[in-house]
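# A look at the structure
Okay, here's what each chain looks like letter by letter:
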Amino acid sequence: MTAGTTLITGAAGFAGRHLRARLRDQPIVAWHHPAAPALDAGTDRTVWRAVDLLDRAGVAAAIDRDRPSRIFHLAGAPQVDASWRSVVPHLRTNAYGTHVLLDAVRRTVPACRVLVVTSAQVYQVHDEPLDEDAPLIPATPYGLSKLAQDRLAADAARGDGLDVVLARPFNHTGPGQAPAFAVPSFARQVARIEAGLEPPVMAVGNLDTRRDLTDVRDVVDAYDLLMARAPAGRPYNICSGRAWRIGDLLDELLHLSTATIDVRVDEARLRPNDVPVIQGDATRIRSELGWQPHHTVEQTLRDTLEWWRRQTSA
């Protein structure tokens, strides 16, 4: 690849697809797991590579081949609830995979700028909004794996002098997200009920939890901004600063629906340790870098529902 190449790990994932769309005019190397197919490039400046982050030799060879100047590290195991059943795979993917990537950068392209995406799940549970100085005491195995990733990234910047930037996104959603998460699960069920593919009964989990929610398109805007302007080693929350009750989000989707739908709680959808409130404080990224979200939650819900309607009718 030519100088100035951008590498995106996890490029076939939810946020990765939106980031690729944002950076479509740039030369991109897009990594996907060898067990999963590459997506359509969408631009002739995207080159797909099948790379397993747990394969140290394969990662080193891939970095040496393309020698990127920027890496957006989005790859990882993303599901909080699944982490209770698969602690070791989450640690291997999120922590060891990040170690392997940063080690390859250190050895081959030490001047490369790397954005490591961790999670708000690294923080201790608290009813008040969480800023970047909140205690780092995760409540879930997923959060533990992301904290390990976060500390590896911080140590690479501090101890090794690598140009590593830290992003801590809170919950984000939008068109294209898998139905394993609340909003797309609701939207998919609404779309299938409207299409007559399911009876007018919706299965849901805990509707009383409150989550800070940001549109994925605003989140990838923040990733791009952090890559361009954030100082190495300094973490930044990406969040709306408002915690939405999940039941209120469902009510808005039901309001947008053309069907009358009965809502029932499904015990199988309840998590073993569901944190009541997760709310962030985005003061740092707003004041230091000027980031702000542009999509309202209502627009996000409308766009997500329309996306699922298109998938259902396809």
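Coordinates for the structure precede this section.
My aim in this report is to walk through the structure given alongside it, one point at a time. Worth saying up front: this structure is predicted, and the values here are computed from it rather than measured. (Residues numbered from 1 in each chain as written. Predicted model: local features only at pLDDT ≥ 70, side-chain atom pairs only at ≥ 80, totals over all residues. Heavy atoms only, no water.)

## Section: the overall build of the protein
Per the secondary structure count, the protein includes 10 helices and 14 strands. Relative to the globule expectation of 20 Å for 314 residues, the C-alpha radius of gyration of the protein, 19 Å, shows essentially globular dimensions. Dimensions along the principal axes, computed over C-alpha positions, put the protein at roughly 60 × 45 × 40 Å. Out of the 314 residues belonging to the protein, those deemed buried represent 50%. Put simply, 74% of the contacts in the protein that link residues at least 6 apart link residues at least 24 apart. For the protein, the exposed area adds up to about 13,700 Å²; of that, 50% sits on carbon and sulfur atoms. (Helix = DSSP H or I, 4+ residues; strand = E, 2+ residues; numbered from the N terminus. Rg over C-alpha atoms; globule rule 2.2 N^0.38 Å. Buried < 20%, exposed > 50% of the residue type's maximum accessible area, 1.4 Å probe, protein only. Contact = heavy atoms within 4.5 Å. Areas by Shrake-Rupley, 256 points an atom, 1.4 Å probe, with all protein chains shown as cover.)

## Overview of the sheet that holds strand S11 (residues 235–238)
Read from one edge of the open sheet, seven strands run S3-S2-S1-S4-S5-S6-S11, paired in parallel fashion. Bordering the open sheet on either side are strand S3 (46–50) and S11, each of which pairs with just one other strand. If you compare each strand with its neighbour and ignore which way they point, the axes differ by 20 degrees on average. In this sheet, strand S2 (residues 28–32) lies alongside strand S1 (residues 6–9) in parallel orientation, the contact comprising three bridges. Following the sheet pairing, Thr6 is matched in S2 by Ile28. (Pairing = 2+ DSSP bridges. Axes fitted to C-alpha atoms, helices over the stretch in contact; angles between N-to-C directions.)

## What to know about helix H2 (residues 56–66)
Those residues of H2 that sit buried are Val59, Ala62, Ile63 and Asp66. With its buried residues spanning 95 degrees around the axis, H2 presents them on a single face. Positive phi shows up at Arg67, right after H2, with a value of about 40 degrees. (Arc of directions from axis to C-beta.)

## Focus on the nonpolar core
Grouped together as the largest cluster of nonpolar side chains are 40 residues, with contacts concentrated most on Phe72, Leu115, Tyr223, Leu226, Ile238 and Ile285. Elements with a contribution of two residues or more to this core: helix H1 (14–22), S2, strand S5 (113–117), strand S6 (163–169), helix H7 (216–229), S11 and helix H9 (283–289). In terms of residue count, the dominant contributor to this core is H7 (eight residues). Contacts of Leu115, omitting those with residues within four sequence positions, involve Ile71, Phe72, His73, Val165, Ala167, Tyr223, Leu226 and Met227. The next biggest cluster of nonpolar side chains, apart from the first, holds 26 residues, and it includes Val29, Val51, Cys112 and Ala157. (Core = buried A, V, L, I, M, F, W, Y, C linked by side-chain atoms within 4.5 Å.)

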